[in-house]
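One-letter residues, chain by chain:
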Amino acid sequence: MLMANTNNEFSNNLRPRAGVRKMIKHTLKIDMTPMVDLGFLLISFFVITTELSKPTVMKLNLPTDGPPTPLGRSDALTLLLDKNNTIFFYYGDWKEAVSSGAITRIAYSGTNGLRNLIERRQKWLAVNSKSKEGRDGLMMIIKASAGASYKNLVDVLDEATISMVKKYTVVKISPEETEWLGK
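Residues numbered from 1 in each chain as written. Predicted model: local features only at pLDDT ≥ 70, side-chain atom pairs only at ≥ 80, totals over all residues. Heavy atoms only, no water.

In terms of residue burial, strand E4 (residues 139–144) counts as a mostly covered element, since five of its six residues are buried. In the sheet, E4 pairs with strand E5 (residues 167–172) via six bridges, with the strands oriented parallel. Its bridge partner lying in E5, Met140 is registered against Tyr168. In this fold, the crossover linking E4 to E5 by way of helix H5 (residues 150–162) has right-handed handedness. (Buried < 20%, exposed > 50% of the residue type's maximum accessible area, 1.4 Å probe, protein only. Helix = DSSP H or I, 4+ residues; strand = E, 2+ residues; numbered from the N terminus. Pairing = 2+ DSSP bridges. Right-handed = clockwise from strand over helix to strand, strands pointing away.)

This is how it looks when you write it as structure tokens:
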């Protein structure tokens, strides 16, 4: 009975107790100025960096329409690109190179690398060529097999550009060459 009386006394008395303040609710204000400043700084940074880093493009010279250009056997250097960064080369005609066993494996870089091969052939053409082009008469024929990677092809084109090869082409590999690479 005593407990019921105390509950009723407190529930009937609606005024606040002495010493307890009423809670004041404040509205929350967030200053967004630093966040907006940071956003504009990031936007301006990315706009400037994308303008400064333009993509580089390799210039690719395409032949003009017309009859095929005759090519001397001594001027032709054919590169066969295969899987596992393997590259083979031969001079002149395919049938002659196969019959004489003149198809040789070469590395992409190093002392016996592709760049040295191109430079040696250009020097040879400058001395021994009967044409007026001399070292610029070198025609590099690039043939990539199905196993060759795109990176290997780009590496060969880079070497041609570095060695200042004026004439080069990328052509489809013949079935005979594909069969020879498969051996």
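When you line up the elements, Ser44 lands in helix H2 (residues 33–52). Classification of Ser44 as partly exposed rests on a relative accessible area of 35%. Of note is the side chain of Ser44, whose polar atom sits 2.9 Å from the backbone oxygen of Leu41. (Polar contact = N/O pair within 3.5 Å; in protein donor to acceptor, adjacent residues only side chain to side chain.)

Here we come to the packing of aromatic side chains. All told, the structure shown has five aromatic pairs when counted by the stated rule. Summarising the aromatic geometry, the rings of Trp94 and Trp180 are spaced 6.2 Å apart at their centres and angled 85° between planes, so their arrangement reads as edge-to-face. With Trp94 in helix H3 (residues 94–100) and Trp180 in helix H6 (residues 175–182), this residue pair connects regions lying 86 residues apart in the sequence. Judged by its relative accessible area of 14%, Trp94 falls in the buried class. Grouping aromatic residues by their ring pairs yields a cluster made of Phe88, Tyr90, Trp94 and Trp180. Arg121 extends its terminal NZ or CZ atom over the ring of Tyr91, reaching a point 3.8 Å from the ring centre. For Arg121, the ring lying beneath its charged end belongs to Trp124, and the centroid distance is 4.3 Å. (Phe/Tyr/Trp six-rings, centres within 6.5 Å; stacked < 30°, edge-to-face > 60°. Lys NZ or Arg CZ within 6 Å of the ring centre and 35° of its normal.)

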